[in-house]
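Each chain, letter by letter, is given below.
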Amino acid sequence: MRDRVLRLLPVLAIPLVLTGALGEAATAEPVGFRFRPDASVQSMFVAGDFNHWNPSGLPMADEDGDGQWEATADLPPGRYEYLFVVDGEWLEDSDAAESVRNAFGGRSSVVVVGESDAQGAFVNATSAGSAPAPAGDAIDTSFRYQPLISGVEHVMLAGSFNDWNASATEMADDDGDGVYTATLPLPPGEHRYKFVVDGNWITDTAAESFTDDGLGGTNSVVHVGEAAARPAGMGPRRVLFSCEPPSAPGEMYLAGTFNDWAVGKTPMSDDDGDGLWTTTLLLPPGRHQYKFVVDGNWITDESADAFSDDGFGGQNSIIEVDARHEEVTLRRGDGLILTEGIVHRQTLREVNRASEETAVITARAFAGDVEGIDLVAFPAGVETRTPMANAGRDATHEFFRGDLVIPEGADAFEYHFVYRDGDAHVALTPGGFAPEAERGPGFTFSADTITLFDTPDWIRDGVIYQIFPERFANGDPSNDPDFQEPWYDGKTTLPRSGSTNEVYYHATEDWYDTAGLAKSPYRTDGRPDYFSFYGGDIEGVRQNLDYLEDLGISVIYFNPLFPAESNHKYDACDYRGVDPHFGDEATFRAFVDEAHARGIRIVADWVINHTGDCHYAFRDTMEKGPESAYWDWYEWKRWPLPDRIPEGERMDAYYACWWGFGSLPELNFDLSRPNAAENNIGDIADAEVNQPVIDNVLESARYWLTDLDVDGFRLDVPNEVPFWIWKLFRAEVKRIKPDAYLVGEIWGDAGDWVSPECFDATMNYRYFKDPAVGFLGKGEIDAKRFDADLASGRMAYPEQAVRVMMNLVDSHDTPRHLTAIGGDIRRLLLTALFQMTYVGSPHIYYGDEIAMTGGADPDCRRPFRWTWRDEPERVAVHDRYRELIRLRRTHAAFTSGEYKTLFAEGGVHAFARFDESELFIIAMNASDRAASASVPLHGLPCEPDAAFRSALEGGADAVASDGTLALPLDAVSAVILRTPASP
């Protein structure tokens, strides 16, 4: 897709001088904005602090057709920040008289409205708190930052007090102790800030409090002056959210930055039946983004304090938690239990039937409010009372979990909760909270209506190895791409100049010639080579099964294997069959049989959102139009296609295609609505099913599971497919092969998709990759933040799904992990150690185990370096991976045992993995300085003075004293200790 280049002209924002004395109410006057693009655009808006940065708040128009887009806004005197939003792209006015650093890492243009001598009376809207006070009232305020990693060159302080200017305030380490400091005179009030470390914006996790930064992260907050001068107290505040939907919904939730945007985590209810659905949260002061989720549909609260772009063409609502909201003091043991907004709903997050005999029940309380919760049940009519374990917390709640034993033959029975704090004991039932002696009927557990969620044991016990087939090994040169297929016509030759910025398919003769993957020698625009082929195939993988087996791999996840035009194969020409340049069906089936004989399972990648434009059905529609038998398989808007698409026009003007890429036409699953409106439909009854397309998908799934005998699927962009399809897909897949593994590519919280109706797991970008790379790889977050992010992931999904999460740190869609962390081998191995010891299924992207590097796609898809044995450093990395994999696969404590965090301070994180027979202590130091940890062993299956020995070759043993294990840790290092009883 061609990059659109927009040129900003000198005449863009024209401030009009307004008259009026200071102190009098200023009259708003029109302010004009102008913009002239040098390419065709479809939409243009002005967004600024005067309209809450609404990306569609001030539309621009070219009414006279002269190419210049204009808009006018009535603004009172003041300083205003703004940006142009052109076809969804946020653009700075480079010719504005002034610009300032914004909180998003970029710059905003500034327009000043009013007389020049009055400008000082107006405060920049991005600055929090009061206007700067006179110098005599300013208070010296110190900031302190200690990076976890060495080699830092510049640490800057940016915040609301300096227009978020990343170069305005430098922090210094004058005494060389590794701590950077800066002191500024600041007026009393609240100030928001971040550290900018070598260009990376980092939250101060030691701050007094935090507020949403609008990008999914947080700004740190410092309050200057006496408590009475603060605009908001530091304690949590009671916030009521309410929504009155136009019709009675089946279910409603609140999702936002305060709960990881997790649907199902914060239910809303209409207890009195008046049509107003509510929930109460305790939130820290600051700005929080949110939406209502009504029967799966995401709804903006139009009565919100402000709004922000949601990244999908809509808006998130923003609530400003401030002095309008009551501050609440929470304290364990005070006998006061805050119950408002606390409910128990029998969704999968709260009632998880993990086996035929057991259900895991989750209850919630406000964080820091109660001493404990008991689960009281009456199976077979006999009361059982089980103290629930504290299982983690988010910004608002603590979560408690307990096992509910299901007696054999018990069809249904009641249960309720008892919340304990000091002398207070209150019961939670469907009727709400009441003294335990006065409680009403309890919740009903029914084994017939609560579905068992079973995930495959083999993936829990396995180690996943991802292979990009075209780049792993060329075992059969006779099937190398020759570009004879019709879809390559006209795309395999260069012009006389020897360069082109258009599509150019070609073979790269030298397996180790990867320079073009960073910058193509055939292009003039500096972009990489997306169209090269190296000849990797299935025979190449088969010939290296010894290598994979010796490494300890038990699962191979292949990127797509379909016949397709590209080297990545996400543009299938047919869902049935293997690309002939990878091998034929017989070759692949023989490979699968041999892999299975070695105990290696096969997971195949698949995207059903779109095919390639080479697909037989799409090519038929291009040729025959509405007369084609496949016409309804795609959503055509205009037909026929012209010989050449007009300049500035995209292919999605002719048919629905993935993100505007004409080579990826989207399948049409629901005939009753456009493709863009299909995805949130959860019930098949609400769709007009395009049955021939569904039949083709399900028949293809049967083909891969039976004829080719794969063991599961990784599903690409599943959130861009109607939700009801995945219910059909899972049912058919599990009917054919009950222990098949289904994992979806969801980059955020995947609570909607991980369920007995949909996927077993997700690619764990949100709750594994992000925290692991941030803490272990880059040292950008500390151990407390790392631990909190991990805990959120363990609470986001049922335990049996957590144990089969695809725990990755890189993939074909990201830069190589080693490249992303600056080439630090120590941190690569530290991350691998964590992968192999944490809860979930470790994922290795081919070549990470030999320290392969590579930037963004396609550079991350380099051919495997089979010369690694000639390079000692690569051999050492490989050997450590092999040792760690064997440790994991030898000890069940890592695959099915319990997890417990033991220590999380600064750069050190320690945790335990244990079962009935084994105990392992893992301690990691992500800092570039030596550190120590006092690891408490309370509650673990060992004696207070237990002796531990190293589980790694060359590691040191340790002995506990009085229930504490003192561990010295070298910089960027880890230890794995086990009790002597462990073999």
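Structure's up top.
Residues numbered from 1 in each chain as written. Predicted model: local features only at pLDDT ≥ 70, side-chain atom pairs only at ≥ 80, totals over all residues. Heavy atoms only, no water.

Now for the packing of aromatic side chains. Across all of its chains, the model carries 70 aromatic pairs by this definition. Between Phe-864 and Trp-866 the ring centres are 4.1 Å apart and the planes differ by 45 degrees, which places this aromatic pair in the tilted class. The same class applies to Phe-864 as to Trp-866, namely buried. Among the aromatic residues, those joined into a ring-pair cluster are Phe-558, Phe-562, Tyr-575, Phe-588, Phe-591, Trp-606, Tyr-703, Trp-704, Phe-713, Trp-726, Phe-729 and Phe-759. Directly above the aromatic system of Phe-582 lies the positively charged group of Lys-569, at a separation of 5.4 Å from the ring centroid. (Phe/Tyr/Trp six-rings, centres within 6.5 Å; stacked < 30°, edge-to-face > 60°. Buried < 20%, exposed > 50% of the residue type's maximum accessible area, 1.4 Å probe, protein only. Lys NZ or Arg CZ within 6 Å of the ring centre and 35° of its normal.)

So, on to unusual backbone geometry. A cis amide bond, omega 0 degrees, links Trp-639 with the succeeding residue Pro-640. Secondary-structure assignment places Pro-640 in the loop between helix 5 (616-624) and helix 6 (691-707). In this structure, Pro-858 follows Asp-857 across a cis peptide bond, with omega equal to 10 degrees. Within the secondary structure, Pro-858 sits in the loop between strand 44 (841-845) and helix 13 (872-890). A positive phi angle, close to 55 degrees, is found at Trp-164, a residue other than glycine. As for its position among the elements, Trp-164 is in the loop between strand 11 (155-159) and strand 12 (169-171). Phi at Lys-569 is positive, roughly 70 degrees, even though this residue is not glycine. For Lys-569, the location among the structural elements is in the loop between strand 38 (555-558) and helix 4 (585-597). (Helix = DSSP H or I, 4+ residues; strand = E, 2+ residues; numbered from the N terminus.)

The next thing to look at is the sheet that holds strand 52 (residues 973-978). Spatially, six strands are ordered 45-46-47-52-49-50 in an open sheet, and the strand pairing comes out antiparallel. Of all strands in the sheet, those with a lone pairing partner are strand 45 (898-905) and strand 50 (958-959), marking the two edges. Relative to strand 52, strand 47 (residues 919-925) runs antiparallel, the two being bridged by six bridges. When the sheet's bridge partners are listed, Ile-922 is paired in strand 52 with Ile-976. Contacting strand 46 (908-914), strand 47 and strand 52, helix 12 (residues 825-837) runs over the sheet at an angle of about 155 degrees to strand 47. (Pairing = 2+ DSSP bridges. Contact = heavy atoms within 4.5 Å. Axes fitted to C-alpha atoms, helices over the stretch in contact; angles between N-to-C directions.)

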